[in-house]
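# Examining the three-dimensional arrangement
These are the residues of each chain, in order.
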Protein chains: 2
Amino acid sequence: MADASLAERVRAGDPRALARAISLVEDGSPAGEEMLSSLFLSTGRAWTIGVTGPPGAGKSTLVDQLVRQLRARHQTAGILAVDPTSPFTGGAILGDRVRMQSHASDAGVFIRSMATRGHLGGLARATADAALVLDAAGRDYVIIETVGVGQDEVDIVRLADVSVVTLVPGTGDDVQALKAGIMEIADVFVVNKADREGADRMVASIEAMLALQTVVEDGWTTPVLKTEATRGVGVTELLATLDRFREVSTPLIEERRAARVRAQLRDHVTGLFLQCLDDAVPFSEIDRIAAEIASRKVDPWSAASQVLRRVCPRRES
Amino acid sequence: MADASLAERVRAGDPRALARAISLVEDGSPAGEEMLSSLFLSTGRAWTIGVTGPPGAGKSTLVDQLVRQLRARHQTAGILAVDPTSPFTGGAILGDRVRMQSHASDAGVFIRSMATRGHLGGLARATADAALVLDAAGRDYVIIETVGVGQDEVDIVRLADVSVVTLVPGTGDDVQALKAGIMEIADVFVVNKADREGADRMVASIEAMLALQTVVEDGWTTPVLKTEATRGVGVTELLATLDRFREVSTPLIEERRAARVRAQLRDHVTGLFLQCLDDAVPFSEIDRIAAEIASRKVDPWSAASQVLRRVCPRRES
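About the thresholds
- Residues numbered from 1 in each chain as written.
- Chains lettered and ligands numbered in written order.
- Predicted model: local features only at pLDDT ≥ 70, side-chain atom pairs only at ≥ 80, totals over all residues.
- Helix = DSSP H or I, 4+ residues; strand = E, 2+ residues; numbered from the N terminus.
- Buried ≥ 20, exposed ≤ 12 C-beta atoms within 10 Å, placed from the backbone.
- Contact = placed C-beta atoms within 7 Å.
- Expected span 1.5 Å × (residues − 1).
- Axes fitted to C-alpha atoms, helices over the stretch in contact; angles between N-to-C directions.
- Parallel < 35°, antiparallel > 145°, perpendicular 65-115°, else oblique.
- Nonpolar A, V, L, I, M, F, W, Y, C, P; charged D, E, K, R; others polar.

### A short note on the overall build of chain A
On a plain count of helices and strands, chain A comes out with 13 helices and seven strands. Taken over 317 residues, chain A has a buried fraction of 44%. Long-range contacts, defined as pairs at least 24 residues apart, comprise 76% of the intrachain contacts of chain A with a sequence gap of at least 6.

Shown next, in the form of structure tokens:
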């Protein structure tokens, strides 16, 4: 009941309710899931931007500048700053506090750090759920900012409708070493700190790599923009580019959203199945079977097939 | 039948059969699974070493030196060089060819590159399966070498009985930025290229971080070794340290192997379940349900619960 009223307050846009709701979904608790399912039918209106890139690329400053422009257009924003790196560094939390202050008096900007709790797969799920909460709260834009360019980050950025990959010249980040996954997810490249030596060379390298890609998305050529986020240079062009993507790429975006829904449905079904599995086959028995596998009395494939038969008695042949 | 004889040839240690068998399991085909389940009961004897670290840390050279020492002890080795990075770079393949040549005449050394095909989770699975093949073939040591220090690599290195994290001084890799996951998986730290400026400082930093860790594994204090792999300096000490770990950490290693078996069992059961799911609920229907979710007619949690009921009719309440 308390959570029903929490969902109400989220829908009304109450920032404190937002913070509590996101904490709830971060925990992955049944109460969080219940709240999400009651919020879900109010979602689907927010526009989600993913911003990724290596540490030091100036992502936070760029996001701040984007938000400033959105606010000037009287649009609201929710920022999810995702840091898949160590709790040792504490970078996200610190940066977050500084940023919180600069927007503290503006109820139109909500900022939240999402940090790893346990497995990274869980972080992508928690970020997706937090984005749903912000969407239900009526935020016009949800910006998902994530450090790094690895597969984990790719999975997180895939949650967005449009993805911006931010790079910076002269940091030793060799463009040639860009992961294939990043080339695929980038709808827009930004070379930030473009006043630095080597910016034009970096733009040219990225464009050369893009030219090598055989698959071209219908109606969209991935642009490579230059920005100087600290001075706000190039940010208007970036926002205009993102607006243009939204206009011309509707079928692509719809297909992405559909693919995301299908993948999430599969994840949810698998999650429920694993709950069934835990109910049907107690841990002690899994331990016993695992011990038999470890001592090579049975192979894991035969054992798995026997275990599945306990949960789904008929289906498995 | 062809695969039954392939399994026979793997068990006999035929290097060409090894190569074919690993290709088969990389594809994740049913034929590969069948072969693995027939090989499985012959596994469990190999000792698996994981070596990870950032690009340029000299992992390949270090592994080559370790292998040289193993060969001097008349022990055989299989090396799995896992590169979760882009096919664009082609680094693993190139490095691999060079290394292949240096061991080309030695049947006691088998080297294989494992590259991303699709999703990274698949790479960890394929690497685990390839390690099983090498184990069944009677290799005394399986060395899993992987680039990077992200979560993906952690998952791959967790396949090993003992894990070596290799770092190098003066590359701008801040020890402070080491991911928590890496601190947890490292049984041995190696500061390679130890003749470089800053090596001792790096050793001291790692030791300071290790001292901060509250959890200490029973009977093992994670050592920080210095090596110069290109000249072979420190490699004898490294191998001696790995031998010592094997001696003193038997309960820990057994627990790791058991945890791995439990996790793999769960993965196999989930994999079989997803096959059931695909059989019971055709793609067209998943598409229809996904469209209903996308148009907010139903929430994903209720939909998932309905889908699960189709596969496991009774269990799900």
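### With respect to the environment of serine 29 of chain A
Relative to the helices and strands, serine 29 of chain A resides in the loop between helix 2 (15–26) and helix 3 (30–39). In this structure, the C-alpha to C-alpha distance between serine 29 of chain A and arginine 68 of chain A, residues 39 residues apart in sequence, is 34 Å.

### Overview of helix 11 (residues 250–280) of chain A
Between its terminal C-alpha atoms helix 11 of chain A stretches 44 Å, which fits the 45 Å expected from 31 residues at 1.5 Å a residue. Residues Val261, Gln264, His268, Val269, Leu272, Phe273, Cys276 and Leu277 of chain A constitute the buried set of helix 11 of chain A. Turning to helix 11 of chain A, the residues buried within the fold contact helix 13 (300–311) of chain A together with helix 11 (250–280), helix 12 (283–294) and helix 13 (300–311) of chain B.

### Concerning helix 4 (residues 59–72) of chain B
Residue and element names in this part refer to chain B. Here helix 4 is 14 residues long and its end C-alpha atoms lie 20 Å apart, about the 20 Å a rise of 1.5 Å per residue gives. Burial in helix 4 covers these residues: Lys59, Ser60, Thr61, Leu62, Val63, Asp64, Gln65, Leu66 and Val67. Remark: histidine 74 follows helix 4 within two positions and exhibits a positive phi of approximately 60°.

### Brief notes about the packing of helix 4 (residues 59–72) of chain A against helix 10 (residues 235–248) of chain A
Residue and element names in this part refer to chain A. The geometry of helix 4 relative to helix 10 is characterised by a closest axis approach of 10 Å and an angle of 70° between their N-to-C directions. Between helix 4 and helix 10, the angle is such that the two are roughly perpendicular. Along its contact with helix 4, which presents Gln65, Leu66 and Gln69, the element helix 10 presents Val235, Thr236, Leu238 and Leu239. The residue makeup of the contact of helix 4 with helix 10, split by class, is four nonpolar, three polar and no charged.

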